[in-house]
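Residues per chain are reported as follows:
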Amino acid sequence: MLPLKEKDKPIVQKLLSAGCCARCILRFCCVRVQAAYRQPQQDTLKELQAFICDTENSKSQDSAASEATEENNKSHDAAVSEAPEEPPTKRVKLEPSGTDAQSEEDAAAAAAAAAVTLKEEESHVCVLCLGILHQFCGASQAVKIAETVKEEKYEFDTLVLSVSLPAQLCVREHSCWLHVKKEVREKGLVLDKDDVIQVKEAFKWIMQGLVAKELGRGVAVVTRSAFEVGVEFIHEATDSDCHFLASACPDCFKPTKNKQSVFTRMAVVKALEKISDARFLKHYPCPPAQPSSCCSLQDVQCVHVSVFVAGRYNKFCRSLPQTPWVIDGERRMESSVEELIAAPILSAFRADGFNFSSSGREDVDVRTLGNGRPFAMELLNPHKSRLSRAEMKQLQETINKSSDKIRVRDLQVVSREAMSRMKEGEEEKTKSYTALIWTQKPIEREEITFIDDIKELTLDQKTPLRVLHRRALAVRQRVIHSMNTRFLDPHHFYLGLKTQAGTYIKEFVHGDFGRTKPNLCELLKTDTDILELDVESVDVDWPPVIPE
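This structure is a prediction, so every number in the text was calculated from the model and none was measured.

S.K.: Help me out: how do you make sense of the overall build of the protein in this one?
M.R.: Per the secondary structure count, the protein includes 18 helices and 16 strands. For the protein, buried positions account for 47% of its 548 residues. A separation of at least 24 residues holds for 79% of the contacts in the protein among residues at least 6 apart in sequence. Working note: accessible area of the protein is about 28,500 Å², and carbon and sulfur atoms make up 50% of it.

So, in structure tokens, the structure goes:
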């Protein structure tokens, strides 16, 4: 039995006559028992018809009983005063009163209407859901969805089912709401529009179990999952159904580059919130007109949320950029750190794409030594989302064997939230470097020892000329925490530096035409330049170290 109450009767009657399917009627009756939506549509419709017919029959029986009692009382009174030609009780049975006849006619009309509606239901498209809850909720549709998912070859244990609906369903829902609102309020009943079950919720209640059954292997369809299967419906009359809203609320519909139609679901909802009931009824039929066609299933799309892989990399080559180096459409280097790391990871997770980021970056001619530089990759729509510890170790070895120019360590899957820790280190942490310095004039060992005593040297660095094309012009203060020197010959020495992240080391050495002050040229009172530079450490304690 359907969980319907007395207050639902006027709603059922109104929506049945309007051409709504049985499941949409349940939605407007605020039925939240999911099993009610899963039973066959025709069974639900028969129960709704019985619900209405029982009401009419009850009224008819009550009326007949009341009339009979009244006639019996009259007959008794008449018998006392005079003997009747014919017993009044017999007359009641043989000749129904006008009220009895009317009640029987109402019952007959209700039964006829039920038969007609039942017949029409089989051929007509629901004026509310446009066939979605009628023609697209069943085992055959579940098979189609499951087959699409299987073809994509994702690895998953759970999935969430999402539904995209044509925008005019909001318009039709609003029209039906206005259709029942007046009568509901006249009867002193309360029905809030927000309590009406949404089409997409009813669709999920019906289809989730069916899809899970078709997928098998213990798959569960849940309310939250990293793997989403999206079902998109469209209708040919979306624009014509919504067109009146564009003139009534023009500010709600603005053309966008990525949308084929201005009548998006959000725009239509916004317009319906603004338009008055009177103006809506002036432009749109209430209840909605019978549609000439039902919705069509446009697409079934599968997507997995991003997976994040982090680690640290070393770069041993002085002719390898961090990212692909393309100038004026022409590639300048064969490969890059990003590509050497990304290719095996993409293959292992079977992802559609990736975004690469790191804690700072080194120039193409700079090596990264020591424990390496932290990096992270966002893998877009991975078809495989989990790797065992052994598989991750094997993946790390595959990357390291693929090239002698780089090496990775501590490779692991991390959360999206953990990514912020890497970015925090770009400006807040320290970095250590070793630079090979050339001096124009000959120097003695003793002439550079004073540099070892310099601590917390503050630099004013105007945006270097070499990066001015991609960074805003500004003067940035950076700190060199400490330095040390190692003499080589009269024109060369090694300079070790521990600096604030973001310090331009090359510009500190040669001065960048005075754009960095103070600089090494000023300190040594001779022109200096940098011949080689190595990053010795990036002091960001992330990601966690994985024991070898």
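S.K.: Which parts of the structure should I look at to understand the sheet that holds strand 4 (residues 296-304)?
M.R.: Adjacent strands of a sheet form backbone hydrogen bonds with each other and so pair up, either parallel or antiparallel. What the 4 strands build is an open sheet, ordered 2-1-3-4; its pairing is mixed. Strands with a single pairing partner mark the edges of an open sheet, and in this sheet they are strand 2 (220-221) and strand 4. Here 2 bridges tie strand 1 (residues 158-164) to strand 2, and the two strands are oriented parallel to one another. If you follow L159 over to strand 2, its bridge partner there is V221.

S.K.: For this particular structure, what's the right way to read the pairing of strand 16 (residues 528-538)?
M.R.: Looking along a regular strand, one sees the side chains alternate between the two faces of the sheet. In this structure, strand 9 (residues 366-380) lies alongside strand 16, joined through 3 bridges in parallel fashion. Paired with T368 across the strands is V535, a residue of strand 16. Bridging between strand 11 (residues 430-439) and strand 16 involves 9 bridges; their strand directions are antiparallel. Opposite T434, over in strand 16, you have D534 as the bridge partner.

S.K.: Mind showing me how you'd approach the side chain of K431 here?
M.R.: Position of K431 among the secondary structure elements: in strand 11. Accessibility expressed as a relative area gives 6% for K431, which makes it buried.

S.K.: What exactly am I supposed to notice about a nonpolar patch on the surface here?
M.R.: On the surface, L465, L468, L473 and F513 cluster together into a nonpolar patch covering about 460 Å² of accessible area. On the secondary structure map, F513 appears in the loop between helix 17 (505-510) and strand 15 (516-517). Owing to a relative accessible area of 78%, F513 belongs among the exposed residues under this scheme.

S.K.: Would you mind showing me how to read unusual backbone geometry here?
M.R.: What you tend to see is this: most non-glycine residues have negative phi, and most peptide bonds are trans. Across the junction of K517 and P518, the peptide omega takes the value -15°, indicating a cis bond. Relative to the helices and strands, P518 is located in the loop between strand 15 and helix 18 (520-524). Even without glycine at this site, D410 takes up a positive phi of about 55°. Mapped onto the fold, D410 is located in strand 10 (residues 406-414). Relative accessible area serves as the criterion here: at 2%, D410 is assigned to the buried category. Of note, E456 is a non-glycine position whose phi angle comes to about 50°, a positive value. If you trace the backbone, E456 turns up in strand 12 (residues 455-462). Classification of E456 as partly exposed rests on a relative accessible area of 48%.

S.K.: Can you walk me through the packing of helix 14 (residues 337-349) against helix 15 (residues 389-402) in this structure?
M.R.: Any two packed helices are characterised by how steeply their axes cross, that is the angle between the axes, and by the distance between the axes. Two numbers describe how helix 14 lies on helix 15: the axes approach to 9 Å, and their chain directions differ by 145°. In this structure, the crossing between helix 14 and helix 15 has a hand that is right-handed. In this structure, helix 14 contributes L340, I341, P344, I345, A348 and F349 to the contact, and helix 15 contributes M392, L395, T398, I399 and S402. Residue composition of the contact of helix 14 with helix 15, grouped by class: 9 nonpolar, 2 polar and no charged.

S.K.: Looking at this structure, how should I read the packing of helix 9 (residues 168-186) against helix 12 (residues 265-274)?
M.R.: Put simply, helix 9 and helix 12 touch, their axes get as near as 8 Å, and they point 25° apart. Of the possible angle classes, the one that applies to helix 9 and helix 12 is roughly parallel. Contacts from C170, V171 and H174 of helix 9 reach helix 12 at R265, V268, V269 and L272. Along the lines of polarity and charge, the residues of the contact of helix 9 with helix 12 split into 5 nonpolar, 1 polar and 1 charged.

S.K.: Would you explain the environment of K150 in this entry?
M.R.: Along the polypeptide, K150 turns up in helix 8 (residues 139-152). With relative accessibility at 47%, the residue K150 sits in the partly exposed group.

S.K.: What should I look at first to understand the pattern of salt bridges in this one?
M.R.: Once the charged atoms of two side chains with opposite charge are near each other, the side chains can pair. Tallied over the full model, the rule gives 22 salt bridges. For D157, the salt bridge is made with R386, and the minimal N-O distance between the two is 2.9 Å. Here R386 lies in the loop between strand 9 and helix 15 and D157 lies in the loop between helix 8 and strand 1, a separation of 229 residues in the sequence. Taking relative accessible area as the criterion, D157 reaches 48% and is therefore assigned partly exposed. On the accessibility criterion, R386 (57% relative accessible area) is exposed. One salt bridge in this structure joins D534 and R367, with 2.8 Å as the shortest N-O distance. A residue pair is termed long-range when its members are at least 10 positions apart, and D534 in strand 16 and R367 in strand 9 qualify at 167 residues. Of the residues examined, D534 reaches a relative accessible area of 8% and is grouped as buried. The class of R367 is partly exposed, set by a relative accessible area of 27%. Look at the salt bridges and you will find they share partners, linking D363, D365, R466, K506 and E507 into a network.

S.K.: Looking at this structure, how should I read helix 15?
M.R.: An α-helix turns once every 3.6 residues. As a result, residues three or four positions apart point the same way. If you check helix 15, its first and last C-alpha atoms are 20 Å apart, about what 14 residues at 1.5 Å a residue would give, namely 20 Å. Inspection of helix 15 places M392, L395, Q396 and I399 among the buried residues, and these make up the whole buried set. Mapping the buried residues of helix 15 onto a view down its axis gives an arc of 100°, with all of them on the same face. Among the exposed residues of helix 15, those oriented more than 90 degrees off its buried face are A390, K393 and K401.

S.K.: Could you clarify how one ought to interpret the nonpolar core in this entry?
M.R.: Nonpolar side chains tend to gather and get buried jointly when the protein is soluble and globular. I132, L133, F203 and V268 are the most contacted members of the largest nonpolar core, which totals 85 residues. Here this core takes 9 residues from helix 10 (residues 199-215), the largest share from any one element. The contact partners of I132, leaving out residues within four places of it in the chain, are C137, L165, P166, L169, V199, F203, F233 and C295. Residues A418, I443, L457 and L495 belong to the second largest nonpolar core, which totals 34 residues.

S.K.: For this particular structure, what's the right way to read helix 14?
M.R.: Over its 13 residues, helix 14 extends 19 Å from the first C-alpha to the last, a length consistent with the 18 Å expected when each residue adds 1.5 Å. Considering bend angle alone, the principal kink of helix 14 is centred on A343 and spans about 25°; proline P344 follows within four residues of it. Where helix 14 is buried, its residues touch strand 5 (307-315), strand 8 (353-358), strand 9, helix 15 and strand 10. Taken from the residues just after helix 14, R350 is the one with a positive phi, measuring 50°.

Rules of the game
- Residues numbered from 1 in each chain as written.
- Predicted model: local features only at pLDDT ≥ 70, side-chain atom pairs only at ≥ 80, totals over all residues.
- Heavy atoms only, no water.
- Helix = DSSP H or I, 4+ residues; strand = E, 2+ residues; numbered from the N terminus.
- Buried < 20%, exposed > 50% of the residue type's maximum accessible area, 1.4 Å probe, protein only.
- Contact = heavy atoms within 4.5 Å.
- Areas by Shrake-Rupley, 256 points an atom, 1.4 Å probe, with all protein chains shown as cover.
- Pairing = 2+ DSSP bridges.
- Patch = residues over 30% accessible without salt bridge, like charges linked within 9 Å, V, L, I, M, F, W, Y side chains within 5 Å.
- Salt bridge = Lys/Arg side-chain N within 4 Å of Asp/Glu carboxyl O.
- Axes fitted to C-alpha atoms, helices over the stretch in contact; angles between N-to-C directions.
- Left-handed = near helix turned anticlockwise from the far one by under 90°.
- Nonpolar A, V, L, I, M, F, W, Y, C, P; charged D, E, K, R; others polar.
- Parallel < 35°, antiparallel > 145°, perpendicular 65-115°, else oblique.
- Expected span 1.5 Å × (residues − 1).
- Arc of directions from axis to C-beta.
- Core = buried A, V, L, I, M, F, W, Y, C linked by side-chain atoms within 4.5 Å.
- Bend = angle between axes of the 7 residues up to and from the residue.

The values reported here are purely geometric and, on their own, carry no functional implication.
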